[in-house]
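Inside the fold
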Amino acid sequence: MADHNEEACRRVDVGISRVFELFGKRWTGPIVSVLMQRPVHFAELRRAIPGISERMLSDRLTELGAAGLVIREVDEGPPLRVAYRLTEAGSAMEPALKELGRWADTYLSPEARGGC
């Protein structure tokens, strides 16, 4: 039988809290989704995510890098270009994120998904 006392209701799963602390931020999911496909240069990543500013993309990539999920690689060029790719830890999220996508397709209305 489930534990329904007041103390149990106040506890929040620490792992889930940590995941949503990062992935609950706007743009983080779409960035990781693009990077799951392959490494991408900054400008290409920005074009792949309509509406994101350069500043916001840079901030989110920095956060993902600090969390150990994304690596920044500089191609000295010429021209100088910066590419981003998922780390092993970042790539390990793919099954969970794909499952969340399937869940959204099944249970969220098009209006709730923000699309058609």
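Definitions and limits used
- Residues numbered from 1 in each chain as written.
- Predicted model: local features only at pLDDT ≥ 70, side-chain atom pairs only at ≥ 80, totals over all residues.
- Heavy atoms only, no water.
- Pairing = 2+ DSSP bridges.
- Helix = DSSP H or I, 4+ residues; strand = E, 2+ residues; numbered from the N terminus.
- Phe/Tyr/Trp six-rings, centres within 6.5 Å; stacked < 30°, edge-to-face > 60°.
- Buried < 20%, exposed > 50% of the residue type's maximum accessible area, 1.4 Å probe, protein only.

Quick word on the pairing of strand E3 (residues 81–86)
With two bridges joining them, strand E1 (residues 40–41) and E3 adopt antiparallel strand pairing. Paired with Val40 across the strands is Tyr84, a residue of E3. Alignment of strand E2 (residues 70–75) against E3, held across six bridges, turns out to be antiparallel. What sits directly across from Val74, in E3, is Val82.

Focus on the packing of aromatic side chains
What the rule picks out here adds up to two aromatic pairs. An angle of 55° between the planes, with centres 6.4 Å apart, marks the rings of Phe42 and Tyr84 as tilted. Here Phe42, found in helix H4 (residues 42–48), pairs with Tyr84, found in strand E3; they are 42 residues apart in sequence, far enough to count as distant. A relative accessible area of 9% places Tyr84 in the buried class. With 6.0 Å between their ring centres and 35° between their planes, Trp103 and Tyr107 make a pair best called tilted. On the criterion of helical spacing, the pair formed by Trp103 and Tyr107 is a turn pair, its members being four residues apart in helix H7 (residues 94–107).

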